[in-house]
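One-letter residues, chain by chain:
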Amino acid sequence: MMQGPVLCFVFLSLGVEEQVGSAPICTHGQDGCHSLSLPELFDRVIQHSARFHGLSRDLHTEFEQYLSSSRNQIGERKCHTSSIQTPNGKDIAQSLTREELTEVILKLLAAWGDPLSNLHSIMAHQQDFNTHSGSKALEMSDMVHQLKNGVQRVAERMQLLGMISNSLNRLSSTEVLEPPSHERFSTSDHDLLYCLRRDTDKVQSYLKILKCTILPEQTC
């Protein structure tokens, strides 16, 4: 029997522990918990990532409307996550091992924690931005941590089922998950939102591909 605190699964109800009846949702089926199946866990993180990407797309659009000059921006955008090697296209993503694809997802999510917190602070002090945009930035700052924790719980379940190796344990190291700090805020606000929209789209796509790789019997 497993000892220690119960690992509860938190999703979709931002900042609120989702429950079924009076029992919290858990990943390991401990006493008093409602244990979700792996397909259900995947569905929850994918739904959460879709919401995450939708907010990033809205913020980017609002910022472009706010700065009309950004529409004519020339030159290659530099993203602080450029050091993370991400597969370009579905075929390449499918060629990665399950561990490698999970690692890419976790690295991308971990790299956005501080930038999103900083983005919310910037918007909160800019009177030209409406309150709604600032609220979205704050919501996303919370969501990225919840989504990362959710993917970690999915990875733990896959490890328990023997679907992936335990090599992902090394990702608990901050230096593995976070990009170099000197690159973190080197982009303009517009570039930051462009990179956020791009990376959230990647996370959503990679999660769907990982689910299809792990659960080929599911509709993909």
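Per an unreviewed UniProt entry, the protein chain goes by Prolactin-like and derives from Clupea harengus. In the Subcellular location (unreviewed entry) part of its UniProt record, the protein chain is described as follows: "Secreted". Annotation of the protein chain in UniProt includes, under Sequence similarities (unreviewed entry), the sentence "Belongs to the somatotropin/prolactin family."

## Some thoughts on the side chain of glutamine 204
Take glutamine 204: it is sitting in helix α7 (residues 189-214). Residue glutamine 204 is classed as buried on the basis of its relative accessible area of 13%. Not counting residues within four places of it along the chain, the set of residues in contact with glutamine 204 comprises Ser49, Ala50 and His53.

## Observations concerning empty space enclosed by the protein
Under the criterion given, the structure shown has one cavity of 30 Å³ or more. There is about 30 Å³ of room inside the largest cavity. Among the elements of the structure, α2 (90-95), α3 (98-110) and α7 are those that each provide at least two residues to the lining of the largest cavity. It is α7 that contributes the most residues to the lining of the largest cavity, three residues altogether. Across the lining of the largest cavity, the residue classes break down as five nonpolar, three polar and one charged.

Scoring rules and cut-offs
Residues numbered from 1 in each chain as written. Predicted model: local features only at pLDDT ≥ 70, side-chain atom pairs only at ≥ 80, totals over all residues. Heavy atoms only, no water. UniProt positions renumbered as here; feature names shortened; annotations may be inferred. Helix = DSSP H or I, 4+ residues; strand = E, 2+ residues; numbered from the N terminus. Buried < 20%, exposed > 50% of the residue type's maximum accessible area, 1.4 Å probe, protein only. Contact = heavy atoms within 4.5 Å. 1 Å grid on protein atoms, 1.4 Å probe; cavity = no way out; pocket = protein on both sides within 12 Å on 5 of 7 lines; lining within 4 Å. Points joined across faces, edges and corners; volume = space filled by probe spheres on them. Nonpolar A, V, L, I, M, F, W, Y, C, P; charged D, E, K, R; others polar.

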